[in-house]
Amino acid sequence: MSTIFDNPRLRQMDESLMRIVQSRCRNRVSVSNFFMIVMTYLGGGVIWCVWAGFLCGHPATRQLGICCYVSFWSAWLISSQILKRVFGRPRAYDAMQDVVPLVPRPKDLAFPSTHAADAFSVAVLLLLTRPPAEGCVAMVLAVLTAYSRIHVGVHYLTDVLGGAVFGSLCAAVCYYILL
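Read on for an overview of the structure. (Residues numbered from 1 in each chain as written. Predicted model: local features only at pLDDT ≥ 70, side-chain atom pairs only at ≥ 80, totals over all residues. Heavy atoms only, no water.)

### Some points on the overall build of the chain
- A tally of regular secondary structure across the chain gives seven helices and zero strands.
- Ordering the α and β elements of the chain from the N terminus gives α-α-α-α-α-α-α.
- On C-alpha atoms alone, the chain measures out to a radius of gyration of 16 Å, which is about the 16 Å that the 2.2 N^0.38 rule sets for 179 residues.
- Principal-axis analysis of the C-alpha atoms gives the chain an extent of 50 × 45 × 25 Å.
- Scored against the burial criterion, the 179 residues of the chain give a buried share of 47%.
- For the chain, restricting intrachain contacts to residue pairs at least 6 apart in sequence, the fraction spanning at least 24 positions comes to 78%. (Helix = DSSP H or I, 4+ residues; strand = E, 2+ residues; numbered from the N terminus. Rg over C-alpha atoms; globule rule 2.2 N^0.38 Å. Buried < 20%, exposed > 50% of the residue type's maximum accessible area, 1.4 Å probe, protein only. Contact = heavy atoms within 4.5 Å.)

In structure tokens form, the structure reads like this:
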């Protein structure tokens with residue numbers, strides 16, 4: 001089955017950006033590498049589930065906290081169990097011999113990035129409902145989570161963009177249905 005990822009221009013753009021990140025953005029002192037590894041682990045769920053739990057702990061924000069959990073788990077389930085199988089895109093390190101991941105190699109497929117989907121599924125809700133400063137912090141953390149997946153060598157740019165868009169759609173649906 002042919003997909004959008006068979007497009008040579010898109011593949012070339014993704015691979016070029018991956019090589020730039022691999023050669024220029026990773027530093028030899030490992031400060032950015034360490035930070036991006038931490039972001040990739042925490043941003044995959046810990047940050048968002050703790051934030052939603054905090055919201056659930058207060059009566060005034062309980063409904064929003066529940067909405068965040070529904071959005072998060074919907075994004076996780078659909079992206080990791082359905083969309084990855086539909087698109088069947090291999091990971092960057094499987095398609096490019098010169099990509100060296102900084103984290104253990106995930107066994108699943110690449111598109112969309114579930115980390116990005118999960119992060120944006122909660123961050124967009126927070127941006128829509130919480131004070132501007134809190135919403136902006138959430139969005140910065142979501143962007144860092146998404147970028148960390150490229151930095152650590154497990155996703156292409158289009159994988160994280162797809163995850164961000166899908167997670168944002170989950171947030172919008174939950175916002176309109178549950179809030």
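### Focus: the nonpolar core
- Core analysis: the largest hydrophobic core is formed by 38 residues, its most contacted members being W48, W51, C68, F120 and L126.
- Among the secondary structure elements, those contributing two or more residues to this core are α1 (8-25), α2 (31-56), α3 (62-87), α4 (92-95), α5 (114-129), α6 (132-151) and α7 (157-178).
- When residues in this core are grouped by element, the largest group, eight residues, is from α5.
- Discounting chain neighbours no more than four positions away, the residues touching F120 are M139, A142, V143, A146, A164, G167, S168 and A171.
- If you look at the next biggest cluster of nonpolar residues, it comprises five residues, including A75, A117, F166 and C170. (Core = buried A, V, L, I, M, F, W, Y, C linked by side-chain atoms within 4.5 Å.)

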